[in-house]
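Here is how the chains run, residue by residue.
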Amino acid sequence: MQTDNLVVFIQGATSMGCLALSVFFLRFWQRSRDRLFAMFALAFLVFAVNYVMLAAYGSLMETAIIIYGVRAVAFSLIVLAILDKNRAPPD
């Protein structure tokens, strides 16, 4: 019982950290209007939602395909952001 509460607490803290990173990148995007920062902000927002879903539905949801799908979307956003940044012509 005690470990379940600890797992939910850590997932909540991780979700908060991902949300803070999302706001961090969003702030850089507002200053520079660089798509890299916007896509990173969106990716970390998706990660935050992922951890909230895990905390809300518990370990039963961990093996569900939707959790891996959400993570795949977030990682794909990061890869696309990096590829987009490297392919863009210099200003």
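See the structure above.
As the structure is a computational prediction, the values presented were derived from the model and not from experiment. Counting of residues starts from 1 at the beginning of each chain's written sequence and follows it residue by residue. It should be noted that, the model being predicted, local features are given only for residues of pLDDT at least 70 and side-chain atom pairs only at 80 or more, the latter also being counted only at that level, while totals for whole chains, interfaces and linings use all residues. Computation of side-chain values: all heavy atoms of the structure, hydrogens and water removed.

1. Quick notes on the packing of aromatic side chains
No. 1: Put simply, two rings from Phe, Tyr or Trp (the six-membered ring, in Trp's case) pair if the centres are within 6.5 Å, and we call them stacked under 30 degrees between planes, edge-to-face over 60, tilted for the rest. Following the criterion strictly, the structure yields eight aromatic pairs and no others.
No. 2: With 5.8 Å between their ring centres and 15 degrees between their planes, F25 and F44 make a pair best called stacked. One end of the pair, F25, is in helix α1 (residues 2-32); the other, F44, is in helix α2 (residues 35-57), with 19 residues separating them in the sequence. The burial state of F25 is the same as that of F44; both residues are buried.
No. 3: By the ring-pair criterion, three or more aromatic residues cluster together here, those being F24, F25, F28, F37, F40, F44, F47 and F75.
No. 4: Across the ring face of W29, the terminal group of R33 is positioned such that the distance to the ring centre comes to 4.4 Å. Every helix listed is a DSSP run of H or I at least four residues long, and every strand listed is a run of E at least two residues long, numbered separately from the N terminus. Here the term buried applies to any residue with accessible area under 20% of the maximum for its type, exposed to any over 50%, and partly exposed to those in between, with areas from a 1.4 Å probe on protein chains only. Look at NZ for Lys and CZ for Arg. If either is within 6 Å of the ring centre and within 35 degrees of the ring normal, a charge sits over the ring.

2. Let's talk about the environment of I82
No. 1: Residue position: I82 is located in helix α4 (residues 65-87).
No. 2: I82 sits in the partly exposed class, given a relative accessible area of 39%.
No. 3: As a C-alpha pair, I82 and Y68 span 14 residues in sequence and 21 Å in three-dimensional space.
No. 4: Contact criterion: two residues are considered in contact whenever any of their non-hydrogen atoms come within 4.5 Å of each other. What I82 contacts, discounting residues up to four positions off in sequence, is L36 and F40.

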